[in-house]
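Inside the fold
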Amino acid sequence: MNIEGKKVTEKVGSILGNYQREKGMLVSILQDVQAEYNYLPKDALMEVSQGLDVPLSRVYSVATFFKSFSLKPRGRHLINVCLGTACHVRGAVRILEKIERELGINPDETTEDLKFTLETVNCVGACALGPIVIVDGEYSGEMRTDKIIPLLDKYD
Amino acid sequence: MVTLTIDGREVQAEEGATILEAAKESNIYIPSLCHNEGVIPYGACRLCLVEIMRNGRQRLVASCLYPVEEGLVVKTNSERVINNRKMIMELLLARCPDSEVIQGLAKQLGVEKTTFKVEEDNRKCILCALCARVCEEVVGVSAISLVNRGVDRQLATPFYEPSVVCIGCGSCAYVCPTGAIEMEDVGDTRVLSMPHVKMEFKLKKCKTCGNYWAPESQLDYIAKKWNLAPEVFDNCPNCRD
Amino acid sequence: MTSLGSPDELETLRKSIIKSRDPNKPCISICGGTGCLALGGASVINAFKRGIQEQGLNTKVDLRITGCPGFCESGPLVVIEPNNILYQRVTEEDVDQIISQTILKGRVVDKLLYLDSKIGKKITHENEIPFYTKQKRLLLANNSRIDPNNIEDYLALGGYAALGKVLSKMSPEAVIEEVKKSGLRGRGGGGFPTGIKWQSCREAEGDTKYIICNCDEGDPGAFMDRSLMEGNPHSVLEGMIIGAYAIGAHQGYIYVRNEYPLAVRNAQIAIKQAEEHGLLGENILGSGFDFNISISRGGGAFVCGESTALMASLEGKVGEPRAKYVHTVEKGLWDKPTGLNNVETWANVPLIINEGADWYAKIGTPKSKGTKIFSLTGKINNTGLVEVPMGMTLGEIIYDIGGGIPGGKKFKAVQTGGPSGGCIPESLLNLPVDFDELAKVGSMMGSGGMIVMDENTCMVDIAKYFITFLEGESCGKCVPCREGLKRMQQILTDISEGRGKNGDVELLERLSAAIIDSSLCALGSTAPNPVLSTIRYFRDEYEAHIKDKRCPAGVCKELITYRIIDEKCPGCGLCVKACPQEAITLVQKKKPVVLDQDKCIKCGACYDVCELGAIEVK
């Protein structure tokens, strides 16, 4: 096994250890793996399967079932547009379309330069301030189409 | 034993049996697609839904899963049941317009055509998951599973690559109700064609007659599982004593 | 901190905490909930910290970062005790003034006070704000008095007294009887009588049992559970421990959706502090009862709010529901008896034990007892969380508490129950909020989301929105939901884009009936509700889209046109710059602009930027 491979085994092993290798904690384990690599790499998933003694097909099913997981590398900055009902009624779709046009990508895609990944989320619970856009965990409420470019320009 | 009524007929069933099992025993037909006696009922196709009356309440339940009860009144052909079956078939016809099995079943249940826009990619998979369930519960290798969610759901191997744990036994092809998985033995190779992945397996040659008869990986798996000497499979079933 | 060995020791600790607190000492409470943080609350908090430090006030003034009190429209919120002064929409720049005027000189900063536009007066004190006075904030009131990361705040307000009472004076059966008598019904949407659920779970066979708190709050537009879990996690923990004792469970789980990181964090801290105080873990308060709670995160799947899907996820599997012919109270998590309840349901339990079932049952209607928290959002003046006694009418909530529709627009409908519920029109505004009353009109209580819509909301678009949402969240297991919702989405999209045909509404109704009857779980079986209720009360809108190819509310892009109102346009050119397709041109300076319809993509950027109302959407 090469150096990189050994690192993955160690890293994943340590995450599994945090959960006492409990099979039921698979989703939380994958959250931590994704936090480490900014996505779910294939060899990390294979490590999880081996370390938890869960079939790889099940790990893969779970990784592809839940929307918060990405099996492709994500950009440096994660943009989340809330499409909850309250935000929808306040025009969230137009905000999303503006970002799509500006960056040239669709939801669940990453810009070519790996700068931004665009995702949508169904309600973050800040409905009073819709439409909401979250970038790298920072919330911006009461968004308007003309506020998008200034917001995106803040990140490099 | 439990006594229940199905379509006006009194029927006896074992405790713990399902309505579907009780109906089958009494030769009462209830259609189903995702049911197979070899695996745990899944309740996904919803074709086997029947109407029950219980505590004054009438509702539809999946007969493959609902346990029989003393005094239960079941209707397998009420208007509500028929309407639902027809809608399910319309939806399946729109999903798999070229599947002969679906077309045949639809006609049998009184559906000539579908109201909905048909899919164009000639799919036959109805996502009943019988293949994946058999692979997990009967064969025990869990090589395939249902991936993604909702309308994007598909039957696949991890990463859509040939599975390293698949033994090529073909149980999935055997159990598939619509023929969405095809298995063909050509020369020394078995080809398993799934909706999104194709896998090939080397077949073992019989030492006596020289015919290729089963995937080597399958035989290795069986030998390992039951602690058999590898020579046990040197001869094909026809040439064994 | 030594672990508390008995309920008496708990009371002793409580008394000493209260004694050590000077009720007259100034305390600055700042809302640290997700909503206020999204409005810049973090910089306000930091500014206060800096200001207090710089002025040397560290020992003279307390700073408390509290949970969300729900008055989101006015955030960031700051309350100054002991005089209960409420400041709204506080910015970083206001902090110095608050410190120098209010803290040091006892003077009120007028411009930060809430203005009651109805009476034209400013309101100084938090407890006089009309938004609050008409509510009955049994669960939410403490949110602005508690730092969720400090268990002593909860103890000072009487926290864990109910647990002490239960462990020292009540048998598990007595607890169940009390909860049954109270009439508490599940607050997650199902409305099932909680006491009966607990009883069935207690009586189920088996020694290993589980308790689950469902904090997967997936209904878009609902954030009641977020606020409770972030702001007062101990109230939920206390309810769970009491429930576990009643049922006979020794392990509990809180399943929090991944989109609530602050709730996860605050719950984790609360559990740790409860463990340190002997309120969780082994031999709780010396009673011999053991109970542990673990936190599990969701992965972004609405379907995992359904109890069997949630349990599948807790078992490390995909969130696929299963048939409930055998109930989860008998065979749930790992096939063991499991008592699953919603966050708000758990939070009601200490209240019932402390005040008694009879007291609780006096609140509400005959079949729906207690209060309910609603998240009032959409086209409403006072967006936020509203806690009212069951039985208050929708009209009272929307107008008396919510302040009516902004911009002088006309009320059109209110959606309750999220994607499983329905739209309720103006004619039914005198309907009381009650589980059964809402169901009768084709909607439901649901988890508490209440989304207000005005004349500019298209009901066909709303139906399409909900079906699109549910199609994306369907687990895909059963045919009627997976295939049926897809087809409903196609039909609704066709209608909204001008391709509707005669018979489409009838087809939607036929499809709905089959999906309701044959879906495997409640996601599918309730999915047609928004469609059916909009057809029931707003059929004319569907017909306008289908027959006239017209969107009366001016929303559906393919059926509307943007138009420049020449008389109102001074030719300032703002819209020209805003248009991404260069569809607007300023032909001559100071003359109205010209919009090229062929290039217009109906994105609304010009409409957003025009401050003179010179752009019309029809």
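Source: prediction; values computed, not measured. (Residues numbered from 1 in each chain as written. Chains lettered and ligands numbered in written order. Predicted model: local features only at pLDDT ≥ 70, side-chain atom pairs only at ≥ 80, totals over all residues. Heavy atoms only, no water.)

**Observations concerning the overall build of chain B**
- Along chain B, the regular secondary structure elements total six helices and 11 strands.
- The buried share of chain B, reckoned over its 241 residues, is 51%.
- Long-range contacts, defined here as pairs at least 24 residues apart, represent 49% of the contacts in chain B between residues at least 6 apart.
- Taken as two groups, the 28 positive and 32 negative side-chain charges of chain B have centres that lie 4 Å from each other. (Helix = DSSP H or I, 4+ residues; strand = E, 2+ residues; numbered from the N terminus. Buried < 20%, exposed > 50% of the residue type's maximum accessible area, 1.4 Å probe, protein only. Contact = heavy atoms within 4.5 Å. Lys, Arg positive; Asp, Glu negative; His and termini not counted. Charge placed at Lys NZ, Arg CZ, Asp CG, Glu CD.)

**Some details on the interface of chain C and chain B**
- Each partner contributes residues to the interface: chain C has 32 residues there, and chain B has 33 residues.
- Roughly 2,800 Å² is buried in total at the junction of chain C and chain B, and carbon and sulfur atoms are behind 55% of that figure.
- Between the two partners, chain C and chain B, sit seven salt bridges.
- The partner of C:Glu483 in a salt bridge is B:Arg95, with the nearest N and O atoms 2.8 Å apart.
- Our enumeration of links across chain C and chain B arrives at 22 residue pairs in polar contact (both at pLDDT 80 or more). (Buried area = accessible area lost by both parts, 1.4 Å probe. Salt bridge = Lys/Arg side-chain N within 4 Å of Asp/Glu carboxyl O. Polar contact = N/O pair within 3.5 Å; in protein donor to acceptor, adjacent residues only side chain to side chain.)

**Thoughts on the sheet that holds strand 2 (residues 62-66) of chain C**
Residue and element names in this part refer to chain C.
- Read across the open sheet, the four strands follow the order 2-1-3-4; overall the sheet is mixed. Looking at which strands have only one partner, the edges of the open sheet turn out to be strand 2 and strand 4 (85-87). Strand-to-strand twist of the sheet, defined as the mean angle between neighbouring strand axes without regard to direction, takes the value 20°.
- Relative to strand 2, strand 1 (residues 27-31) runs parallel, the two sharing five bridges. Within strand 2, the position partnered with Cys-31 by the bridge is Thr-66. (Pairing = 2+ DSSP bridges. Axes fitted to C-alpha atoms, helices over the stretch in contact; angles between N-to-C directions.)

**Overview of a nonpolar patch on the surface**
- Among the surface-exposed residues, B:Trp226, B:Leu228 and B:Val232 lie close enough to one another that they form a single nonpolar patch of about 300 Å² accessible area.
- You can see B:Trp226 is positioned in the segment after helix 6 (216-225). (Patch = residues over 30% accessible without salt bridge, like charges linked within 9 Å, V, L, I, M, F, W, Y side chains within 5 Å. Areas by Shrake-Rupley, 256 points an atom, 1.4 Å probe, with all protein chains shown as cover.)

**Re the packing of aromatic side chains**
Residue and element names in this part refer to chain C.
- Applying the stated criterion to the full structure yields 17 aromatic pairs over all chains.
- The interplanar angle of 15° and the centroid separation of 4.7 Å between the aromatic rings of Phe-71 and Phe-131 together place this pair among those described as stacked. Taken together, the positions of Phe-71 in the loop between strand 2 and strand 3 (78-81) and Phe-131 in helix 5 (residues 130-133) put the pair 60 residues apart, joining distant regions of the chain. Neither Phe-71 nor Phe-131 differs from the other in exposure class; each is buried.
- On the numbers, 5.3 Å between centres and 85° between planes, the contact of Tyr-154 with Tyr-160 is edge-to-face. (Phe/Tyr/Trp six-rings, centres within 6.5 Å; stacked < 30°, edge-to-face > 60°.)

**As for helix 12 (residues 261-276) of chain C**
Residues and elements named next belong to chain C.
- Between its terminal C-alpha atoms helix 12 stretches 23 Å, which fits the 22 Å expected from 16 residues at 1.5 Å a residue.
- What helix 12 keeps buried is the set Ala-263, Val-264, Asn-266, Ala-267, Ala-270, Ile-271, Gln-273 and Ala-274.
- Residues of helix 12 that are buried make contact with helix 6 (151-156), helix 10 (224-231), helix 11 (233-247), strand 8 (251-256) and strand 9 (292-297).
- Gly-278 sits one or two positions beyond helix 12 and adopts a positive phi of about 75°. (Expected span 1.5 Å × (residues − 1).)

**A word on the domain arrangement of chain B**
All names here are of chain B.
- For chain B, the domain assignment lists domain 1 (2-77) and domain 2 (130-239).
- Between domain 1 and domain 2, the C-alpha centre-to-centre distance is 33 Å.
- When the buried surface of domain 1 facing domain 2 is broken down by residue, Leu-33, Val-39 and Tyr-42 rank first, second and third, together holding 60% of it.
- One can count zero salt bridges joining domain 1 with domain 2.
- Across the contact surface, domain 1 and domain 2 share three residue pairs in polar contact (both at pLDDT 80 or more).
- Considered class by class, the residues forming the side of domain 1 that touches domain 2 number six nonpolar, three polar and no charged. (Domains from an automatic or database assignment. Nonpolar A, V, L, I, M, F, W, Y, C, P; charged D, E, K, R; others polar.)

**A short note on the environment of B:Ala223**
Residues and elements named next belong to chain B.
- By secondary structure assignment, the location of Ala-223 is in helix 6.
- C-alpha separation for the pair Ala-223 and Phe-233, spaced 10 residues apart in sequence, amounts to 8.5 Å.
- Leave out the neighbours within four places in its chain, and Ala-223 touches Leu-228 and Phe-233.

**Details of helix 19 (residues 479-496) of chain C**
- Taking 1.5 Å of rise per residue, the 18 residues of helix 19 of chain C would be expected to cover 26 Å, and the 25 Å separating its terminal C-alpha atoms lies within 8% of that figure.
- Of all the 18 residues making up helix 19 of chain C, 17 are buried; the element is thus mostly covered by neighbouring parts of the structure.

**Comments concerning the pairing of strand 4 (residues 57-62) of chain B**
All names here are of chain B.
- Bridge analysis of strand 3 (residues 49-54) against strand 4 gives six bridges, and the strand direction is antiparallel. Looking at the pairing, Leu-49 lines up with Ala-62 of strand 4.
- Remark: two residues form the turn of the hairpin made by strand 3 and strand 4, two consecutive strands paired antiparallel; Asn-55 in that turn has positive phi of roughly 50°.

**Some thoughts on the packing of helix 3 (residues 41-54) of chain C against helix 4 (residues 95-105) of chain C**
Residue and element names in this part refer to chain C.
- Taken N-terminus to C-terminus, the directions of helix 3 and helix 4 make an angle of 45°; their axes are 9 Å apart at the nearest point. Comparing the axis directions of helix 3 and helix 4 gives the class oblique. The way helix 3 lies across helix 4 gives a crossing that is right-handed. Residue-level contacts link Val-44, Ala-47, Phe-48, Gly-51 and Ile-52 of helix 3 to Val-95, Ile-98 and Ile-99 of helix 4. (Parallel < 35°, antiparallel > 145°, perpendicular 65-115°, else oblique. Left-handed = near helix turned anticlockwise from the far one by under 90°.)

**Digging into the sheet that holds strand 1 (residues 2-6) of chain B**
Residue and element names in this part refer to chain B.
- Taken together, the five strands give an open sheet; going across it, the order is 2-1-5-3-4, and neighbouring strands pair in mixed fashion. Looking at strand neighbours, the two that pair on one side only are strand 2 (9-13) and strand 4, the edges of this open sheet. Going from strand to strand, the sheet's axes swing by 35° on average, the running direction of each strand aside.
- Note that strand 1 and strand 2 share five bridges and pair antiparallel. Within strand 2, the residue paired with Thr-3 across the bridge is Gln-12.

**Structural notes on the domain arrangement of chain C**
Residue and element names in this part refer to chain C.
- Here chain C is partitioned into domain 1 (24-129), domain 2 (159-361), domain 3 (371-454), domain 4 (459-547) and domain 5 (561-617).
- Its C-alpha centre places domain 1 at a distance of 34 Å from the equivalent point of domain 2.
- If you look at the interface, domain 1 gives eight residues, while domain 2 gives six residues.
- At the boundary of domain 1 with domain 2, total buried surface from both sides reaches about 450 Å², with 56% on carbon and sulfur atoms.
- Contact with domain 2 buries area across many residues of domain 1, yet Thr-34, Gly-67 and Cys-68 alone supply 68% of it, more than any other trio.
- Linking domain 1 to domain 2 there are zero salt bridges.
- Class assignment of the residues belonging to the side of domain 1 that touches domain 2 gives a composition of three nonpolar, five polar and no charged.

**Overview of the interface of chain A and chain C**
- Taken residue by residue, the interface counts 42 residues in chain A and 60 residues in chain C.
- Interface area, chain A with chain C, both sides summed: about 3,900 Å², of which 56% is carbon and sulfur.
- Between the two partners, chain A and chain C, sit three salt bridges.
- Of the charged contacts in the structure, one is a salt bridge between A:Asp32 and C:Arg297, with a shortest N-O distance of 3.1 Å.
- Run the count over chain A and chain C and you get 20 residue pairs in polar contact (both at pLDDT 80 or more).
- Elements represented by at least two residues in the side of chain A that touches chain C include exactly helix 2 (26-37), helix 4 (56-65), helix 5 (85-89), helix 6 (92-103) and strand 5 (138-140) of chain A.
- In terms of residue count, helix 2 of chain A provides more of the side of chain A that touches chain C than any other element does, five residues in total.
- Taken together, the residues of the side of chain A that touches chain C sort by class into 18 nonpolar, 13 polar and 11 charged.

**A look at the pairing of strand 12 (residues 384-389) of chain C**
Residues and elements named next belong to chain C.
- Extensive coverage of strand 12 is indicated by the burial of five of its six residues.
- One ladder, built from six bridges, connects strand 11 (residues 371-378) with strand 12; its direction is antiparallel. Its bridge partner lying in strand 12, Ser-375 is registered against Leu-385.
- Hairpin remark: strand 11 followed by strand 12, antiparallel, with five residues in the connecting loop.

**Some details on a negative patch on the surface**
Residues and elements named next belong to chain B.
- A cluster of acidic residues, Glu-14, Glu-21, Glu-25 and Glu-37, forms a negative patch at the surface.
- On the secondary structure map, Glu-21 appears in helix 1 (residues 19-25).
- Assessed through its relative accessible area of 42%, Glu-21 is described here as partly exposed.

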